[in-house]
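# Remarks on the overall topology
Below are the chains, spelled out letter by letter.
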Amino acid sequence: STSCICKIFIRPSIYSNHNQQYILLCTMRPLTEDETKLLFQKLAEYIGRSIEKMINRSDERHCFRLAAKNRVYYVSESVMKASNSVARENLLSFGTCLGKFTKSGKFRLHITALDYLSQYAQYKVWVKPSAEMSFLYGNNVLKSG
């Protein structure tokens, strides 16, 4: 079984003014009904009814949280509880980024969601290493690959 590795990013206590512009405070909150609906519609395209399995995993429950820049994070409840012990001004983010909401209100998946979606995917395709490299360079996957 795959283990869930989630990280809690903490702001360093000493930083220069140059790095200050890149540091965001973590104001992670639960998703609203509309945001949850959009997220589940997007996830359903790839994993179907397995969304429930993704949340109620056998090892521990997980949830979705919205953070800065409209990014959605997939977080285990134990990591979420552990993040409560860190001061809010020192916390940057926690969990794994699944994607983000665009300005037009759509949800876009990020590459970091791939590990979690592949566990529950409805349709899977295995390709040869040469076809994989071709795909990574921007070409289509051929039937022979």
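The structure displayed is predicted, hence computed values, not measured ones.

## Observations concerning a positive patch on the surface
Residues Lys69, Lys100, Lys103, Lys106 and Arg108 make up a contiguous surface patch of positive charge. Tracing the chain through its elements places Lys106 in the loop between strand S5 (91–101) and strand S6 (107–109).

## Focus: the layout of surface pockets
Approximately 930 Å³ is the volume attributed to the largest pocket. Along the wall of the largest pocket there are 22 residues; nearest its centre are Leu114, Ser118, Tyr123, Lys124 and Val125. Elements with a minimum of two residues in the lining of the largest pocket: helix H2 (33–47), S6, helix H5 (114–120) and helix H6 (129–136). Looking at the lining of the largest pocket residue by residue, the class counts come to 15 nonpolar, two polar and five charged.

## Considering the side chain of Arg57
With respect to the element layout, Arg57 can be found in the loop between helix H3 (51–55) and strand S3 (62–66). Taking the relative accessible area as the measure of exposure, Arg57 reaches 11% and is therefore buried. Among the polar contacts made by the side chain of Arg57, one reaches the side chain of Asp59 at a distance of 3.2 Å.

## Here's the deal with the pattern of salt bridges
Summed over the entire model, instances satisfying the criterion amount to three salt bridges. Ionic pairing is found between Arg29 and Glu35, a salt bridge with its closest N-O pair at 2.9 Å. Residue classification places Arg29 among the partly exposed residues on the basis of a relative accessible area of 33%.

## Description of the nonpolar core
Counting residues in each nonpolar core, the largest one holds 18 residues, and the members touching the most others are Leu39, Leu43, Ile47, Met54, Phe64 and Val72. Put simply, the parts of the chain that give this core at least two residues each are H2, H3, S3, strand S4 (71–76), S5 and H5. Look past the residues within four positions of Leu39 in its chain and what remains in contact with it is Leu31, Phe64, Val72 and Phe107.

## Re unusual backbone geometry
Positive phi values are uncommon outside glycine, yet Lys69 reaches one of about 60 degrees. In this fold, Lys69 is placed in the loop between S3 and S4. By relative accessible area, which is 58% here, Lys69 ends up exposed. Although it is not a glycine, Asn70 adopts a positive phi angle of roughly 60 degrees. In this fold, Asn70 is placed in the loop between S3 and S4.

## What about the pairing of S4?
When you tally the buried positions in S4, you get five out of six residues, the bulk of the element. The sheet contact formed by S3 and S4 spans five bridges and is antiparallel. Counterpart to Cys63 in the pairing with S4 is Val75. What sits between S3 and S4 in their antiparallel hairpin is a turn of four residues, with Lys69 showing a positive phi close to 60 degrees. By the bridge criterion, four bridges tie S4 to S5 in an arrangement that is antiparallel. Each bridged residue has a counterpart across the sheet, and for Tyr73 the counterpart in S5 is Cys97.

What counts and what doesn't
- Residues numbered from 1 in each chain as written.
- Predicted model: local features only at pLDDT ≥ 70, side-chain atom pairs only at ≥ 80, totals over all residues.
- Heavy atoms only, no water.
- Patch = residues over 30% accessible without salt bridge, like charges linked within 9 Å, V, L, I, M, F, W, Y side chains within 5 Å.
- Areas by Shrake-Rupley, 256 points an atom, 1.4 Å probe, with all protein chains shown as cover.
- Salt bridge = Lys/Arg side-chain N within 4 Å of Asp/Glu carboxyl O.
- Lys, Arg positive; Asp, Glu negative; His and termini not counted.
- Charge placed at Lys NZ, Arg CZ, Asp CG, Glu CD.
- Helix = DSSP H or I, 4+ residues; strand = E, 2+ residues; numbered from the N terminus.
- 1 Å grid on protein atoms, 1.4 Å probe; cavity = no way out; pocket = protein on both sides within 12 Å on 5 of 7 lines; lining within 4 Å.
- Points joined across faces, edges and corners; volume = space filled by probe spheres on them.
- Nonpolar A, V, L, I, M, F, W, Y, C, P; charged D, E, K, R; others polar.
- Buried < 20%, exposed > 50% of the residue type's maximum accessible area, 1.4 Å probe, protein only.
- Polar contact = N/O pair within 3.5 Å; in protein donor to acceptor, adjacent residues only side chain to side chain.
- Core = buried A, V, L, I, M, F, W, Y, C linked by side-chain atoms within 4.5 Å.
- Contact = heavy atoms within 4.5 Å.
- Pairing = 2+ DSSP bridges.

Taken by themselves, the reported measurements are silent on function.
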